[in-house]
Structure formats: C-alpha cells, structure tokens
Amino acid sequence: MANSEYEYVKREFEFDRRLPPSNWIVVRIDGCHFHRFSKIHAFEKPNDKNALRLMNDCATAMLKKFPDIVFAYGVSDEYSFVFREETEFYHRRESKILPLCVSYFTSVYVMKWKDFFPNKELKEPPYFDARAVCYPNLKTIRDYLAWRQVDCHINNQYNTCFWMLVKSGKSEQEAQLALKGTFAKDKNELLAQQFQINYDDEPAIFRKGSSVYREKVETTVKIDDYKNPIKRPQLKITVAHVDIIGPEFWEIHQDILREGKFMHEFVKKSAVDRMLPPCNWIVVRINGCQFDQFSTFHSFDKPNDETALRLMDASASLMMERYPDIVFGYGFSNEYSFVFHDKTELYQRQESLILSSCSSYFTSLYMTKWKELFPHKELMQTPRFEAEALCYPKLKIVCEYLSWRQAECHAGNQYNTCFWMLVKSGKSEKEAHEILKGTLSKDKNELLFQQFQMNYNNEPAMFRKGSCIYRHKVEELAEAESGYNGTASERWDVKVDHVDLGPGFWRKHSWIMSNCNK
C-alpha cells in the first residue's frame, strides 16, 4: 500500500462483513432483465432447452471451480448454490463471495454461449444479480430447496398454459385473463382439453428444474494383468431433473445433505438483505481475481499492457451508460472504482444486488469487448471479478478515496516498471525483488534513469495516473430541416482521461459530483 495521507479512508470506512458461522450459505443468482434478453435472442417459449442447458453447464462449472458448493438447484434464469455449513470460503466475507460467484457464472455463460447457440450471435451482454442467504440447519436448507422447486412447478405450469393460448391465437392480455384465478387442476384441464397435452408428460427439466450435485460412481482406473478392470469410487458431477421436495432423493443421497423434516413456506423470511445507509456516496470497487495468472496466460505486456487497460476503460465506460447513477469511475491495472451519487436508489440500496449486478455486468462487458480489443487473441480462460461496496458520508472523503487509489496506482506502477526492467535486463524475479526492497520513490526514479536511461515522468500518463471516467457536455449544431442555419443542442458523453485527481481537477470539473441528474 502506498504510504500516503489518504490511507485513512481504508482504515476508517472499509469493514469485513462476515456471514454467521455454522450456517449453510445459499448464493442465489438471478438473470437481470432476462425477459428482454430472451426476447432479443429469440428464446423458445415457454421453455428454451438450449438456454436451460447453458445455465446447467454454468452451474456444473461452478461446482468444479468451488469445491465448497455441495448442491445447486436451477430453474429458468435462476440458480441457487448451497455452500457447506462449515465453509471458510473467503473467510465467509459476503462482499467477496457474492461478486466472485456471480462474476464467474457470468463469465462461463458468455464463454459457453457458442456451444449451445452456434448460429446465434450474442447481441447484448447478459448479467446477473445475486444474494446470500444463511440457513441455520438442514431442515431449513431442504425447505428452501423445496420452496424453489414448488415455484418452478407453479411458474412452468402457468407459462405452459399462457404460451399455448398465445400460440393458438389469443393476445397476451387475453391469455392472462383466461388464466386469472385458475388453480393447478384448472390448468391441467385446460392443457388436456384445448391442446391434448398431459402436463405430467412434459420434460422433467421444465417441470422439476435441474439439480446439480456430486455422486459416487464406480470408475475403471486401470486394467490388471489378467485383463480385469480395477474400479474405484469417484465423485462425478451429475445434473438431474428429479423431485427434491419429498424424502426419497435425500434418502438415496444422504452424503449431500442429511435427513431433515419439511415445511417450506417460511424460509423466504430468512432472506434479510443489508441496505446501504441513505445519503451516503456509494463506491463499488471491482477487482480482477487471480489476474496475475490470467495476464500471464494471455501474454499481456509487462509492466503494462495498453490494450488490456483500454479494455478495462471500455468496459467502465459502458458501465456508466447502463447505470446512470454512476457519476465517476477511476481505474488502473485490473481494478475499477465506481462512484454512485449520494441520492441513488439503485436496487433500493440493497448491497448484495448492487455488488452482484455490477460485478456480473462488468464481467460480461469485459468478455464481449475482448474480440474488439484483442482481435488476434483467443480468450482462453474465464476472467472473473470480485467487488466490495464502500459508503462515504461526505464528498470530501470520496475525493480523498480517489486520491488514495491514484497514490496506489503511482506506487504500484513505479515499482512494477523498475521490476520488469530489471527482469528484462537479465535479473531473476527474486533478484529484482531484492534490489527494490526498501527503496523509496526517489531511489526508483534514479534506478530507472541511471540503468535504463528512462525518465519515469515521461512514461504514458495512462500507466502513471490511471484512468478516470466521467460525463462531459458536448455541444452539437443541429441543422434545420430547410436550410443551413441550426441551433446548438447539448448531450452528455462519457470521457476517459488520465490526469491528477487533486483539488485543481475537481475545481475545473465541479459539475461531475454536483450535477447528479445529468
């Protein structure tokens, strides 16, 4: 960390929020605006099997990536992931668990899209929000899963009737009126009498949703000298479409969750969400997860890859278009901070939804813009981002937070510039670390100048100062329809800049933080 006067903003305002111990943790991921997304991509109604199989593939990847997930249940554009009750994943820090899970899920969704829709272009970035809910015992966790499967049945039965009516010629409004006040029995009769459909014969993936879990299977590990197979039990991830409300499934699979009793109506009440305090500026800081490995895997230039930084900036610019309550963004390396104005009511200030949707959308943008910035590099590994939300009661503290991040940018980049110049000159990474140990900023500048004839202050501002993103007013000349005389109109464009974030910047750009309605 840079030793600066601004570090108090971390010490005094950043706190770890840990989920209670000895509780099962459920992370429920939900598609954002998927009604529109499914329409744009022409998903089949009432169910698109390829879209559901894509969701299931993402869930399978989650179980492979995170061994503490013991069970997952999904329906439509929703998936619930159950972490074992004794998990210490990220020390049970909610602000780490939520964005990391939803970011990885989003990343896999985009990466695998072509596997399930080879003839459909991804027309807009998908993204998801998420929330974490804690359940104190096995009874409540099984009741939670039963509740989600009951919802699956109710919604799918309604949607099956609705879309059959629409396909038969009724308008959507007429279909809604025809189904108003009907019970399950009525819907079954409607399907049988009008469309000769037995609802119980519909595919189980539609009626029961998808359960993803590990089960022991006998696997041949080798053949002995007498040509006999030697088998060993191994854990295999399975996707099944079965009843999880009754006891039969759990009796067969006692190693997933142990026996419990059932009553699933009340579990919804356990989902208490944390609201961020009103009249506080909210900063959502997004950080690349294991990006050292990711950058090495994709051969990013060291110490800075300008194209990779431009990709971060492009993603951040589009974040401002999606979230008009973001008034400012600052980023460097694989990190970006987004400042939401103090009056924002995004998601009614629910922390889990703000964090998860921001990290998911940023991940989706990063992946969908990759080809544009790296046309000759295949995306070989799924990027993922974690996020945390910080609240500051005064604008002065927000500005000092941003100054602290810029001080970190300078200190980190100066060190990395020296380090990689030494490595490129023939030193080992260990030797480079030893040479730089205990050096001050002045020492690093001298090292660069004397050994490599480099003036650090002449390095690109993007590397030294990071990137700030904000809206600025652009005047346009609107031509009159019947002549050349026009009138000036204005619009607000997103601008990327690489400048000092000292008091002079804020005086010159006073509208950024004050004109929150633009």
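Everything quoted here is computed from the prediction, not taken from an experiment.

Parameters and conventions
Residues numbered from 1 in each chain as written. Predicted model: local features only at pLDDT ≥ 70, side-chain atom pairs only at ≥ 80, totals over all residues. Heavy atoms only, no water. 1 Å grid on protein atoms, 1.4 Å probe; cavity = no way out; pocket = protein on both sides within 12 Å on 5 of 7 lines; lining within 4 Å. Points joined across faces, edges and corners; volume = space filled by probe spheres on them. Helix = DSSP H or I, 4+ residues; strand = E, 2+ residues; numbered from the N terminus. Expected span 1.5 Å × (residues − 1). Buried < 20%, exposed > 50% of the residue type's maximum accessible area, 1.4 Å probe, protein only. Polar contact = N/O pair within 3.5 Å; in protein donor to acceptor, adjacent residues only side chain to side chain. Pairing = 2+ DSSP bridges. Phe/Tyr/Trp six-rings, centres within 6.5 Å; stacked < 30°, edge-to-face > 60°. Lys NZ or Arg CZ within 6 Å of the ring centre and 35° of its normal. Core = buried A, V, L, I, M, F, W, Y, C linked by side-chain atoms within 4.5 Å. Contact = heavy atoms within 4.5 Å. Lys, Arg positive; Asp, Glu negative; His and termini not counted. Salt bridge = Lys/Arg side-chain N within 4 Å of Asp/Glu carboxyl O. Axes fitted to C-alpha atoms, helices over the stretch in contact; angles between N-to-C directions. Parallel < 35°, antiparallel > 145°, perpendicular 65-115°, else oblique. Left-handed = near helix turned anticlockwise from the far one by under 90°. Nonpolar A, V, L, I, M, F, W, Y, C, P; charged D, E, K, R; others polar.

J.: Run through empty space enclosed by the protein, naming residues and quoting values.
T.: Tallied over the full model, the rule gives 4 cavities of 30 Å³ or more. Each pocket or cavity is described by its volume, and for the second largest cavity that value is around 40 Å³. Contributing to the lining of the second largest cavity are Leu 52, Met 55, Asn 56, Gly 74, Val 75, Ser 76, Tyr 79, Ile 205, Gly 209 and Ser 210. Those elements giving two or more residues to the lining of the second largest cavity turn out to be helix H3 (49-65) and strand E2 (69-75).

J.: Describe helix H11 (residues 306-322), and please don't skip the residues or the numbers.
T.: If you check H11, its first and last C-alpha atoms are 25 Å apart, about what 17 residues at 1.5 Å a residue would give, namely 24 Å. For H11, every residue scored as buried is listed here: Ala 308, Leu 309, Leu 311, Met 312, Asp 313, Ala 314, Ser 315, Ala 316, Ser 317, Met 319 and Met 320. Sitting at the head of H11, Asp 305 places a side-chain oxygen 3.1 Å from the backbone nitrogen of Thr 307.

J.: I'd like to hear about the pairing of E2, residue by residue, with values.
T.: With 7 of 7 residues buried, E2 is to be regarded as a mostly interior element. With 6 bridges connecting them, E2 and strand E3 (residues 78-83) associate as antiparallel partners. Looking at E3, one finds that Phe 71 is bridged to Val 82. Taking the residues between adjacent antiparallel strands as the criterion, E2 and E3 are bridged by 2 residues, where Ser 76 takes a positive phi near 55°.

J.: Outline the packing of aromatic side chains, supporting the account with residue identities and numerical values.
T.: Summed over all chains, the structure comprises 55 aromatic pairs. Measuring from ring centre to ring centre gives 4.5 Å for Trp 370 and Phe 374, while their planes differ by 35°; the resulting arrangement is tilted. Judged by relative accessible area, Trp 370 falls into the buried class, the value being 1%. When the ring centre of Trp 147 is taken as origin, the NZ or CZ atom of Arg 148, which lies over that ring, is 4.4 Å away. Note that Arg 405 overlies the ring of Trp 404, its terminal NZ or CZ placed 4.3 Å from the centroid.

J.: Give a description of the nonpolar core that names residues and reports values.
T.: Counting residues in hydrophobic clusters, the biggest one holds 80 residues, and the most contacted among them are Phe 81, Tyr 109 and Met 319. In terms of residue count, helix H4 (residues 94-116) provides more of this core than any other element does, 12 residues in total. Discounting residues that sit within four places of it in the chain, Met 319 has contacts with Ile 286, Ile 326, Phe 338, Cys 358, Tyr 361, Phe 362 and Leu 365. By size, the runner-up hydrophobic cluster in this structure holds 25 residues, among which are Val 283, Tyr 392, Leu 501 and Phe 505.

J.: Give me the lowdown on the pairing of strand E7 (residues 281-288), citing residues and values where you can.
T.: Most of E7 sits inside the fold, with 8 of its 8 residues counted as buried. Burial of the side chains of E7 extends over both faces: Trp 281, Val 283, Arg 285 and Asn 287 are buried on one face and Ile 282, Val 284, Ile 286 and Gly 288 on the other. When E7 meets strand E9 (residues 335-340), the two strands line up antiparallel, connected through 6 bridges. Residue Ile 286 lies in a different strand from E9, and its bridge partner there is Tyr 336.

J.: Would you mind going over the side chain of Asp 48 in detail, with residue names and values included?
T.: Checked against the element boundaries, Asp 48 lands in the loop between helix H2 (34-40) and H3. No salt bridge is formed by the buried Asp 48; its nearest oppositely charged neighbour, Lys 120, is found at 4.5 Å. Within the local environment of Asp 48, its side chain forms a polar contact with the backbone nitrogen of Glu 44, the two atoms lying 2.9 Å apart. Reaching out from Asp 48, the side chain makes a polar contact with the backbone nitrogen of Ala 51 at a distance of 3.1 Å. Non-local contacts of Asp 48, meaning those with residues more than four positions away in its chain, are made with Ala 42, Phe 43 and Phe 117.

J.: Please give an account of the packing of H11 against helix H12 (residues 351-368) that cites residues and values.
T.: One can describe the packing of H11 onto H12 by two numbers: an axis separation of 9 Å at closest approach and a directional angle of 130°. One way to sum up the angle between H11 and H12 is to call them oblique. The hand of the H11/H12 crossing is right-handed. Residues Leu 311, Met 312, Ser 315, Ala 316, Leu 318, Met 319 and Arg 322 of H11 touch H12, and the partners they reach there are Cys 358, Tyr 361, Phe 362, Leu 365 and Tyr 366. Of the residues that constitute the contact of H11 with H12, the class distribution is 10 nonpolar, 1 polar and 1 charged.

J.: Hey, could you go over unusual backbone geometry for me, with residue numbers and the actual values?
T.: Look at the link from Lys 45 to Pro 46: it is a cis peptide, with omega at 5°. Mapped onto the secondary structure, Pro 46 falls in the loop between H2 and H3. Following Lys 302, the chain continues into Pro 303 via a peptide bond in cis, with omega recorded as 5°. Within the chain, Ser 333 stands out as a residue other than glycine whose phi angle is a positive 55°. For Ser 333, the location among the structural elements is in the loop between strand E8 (326-332) and E9. What makes Ser 333 partly exposed here is its relative accessible area of 46%.

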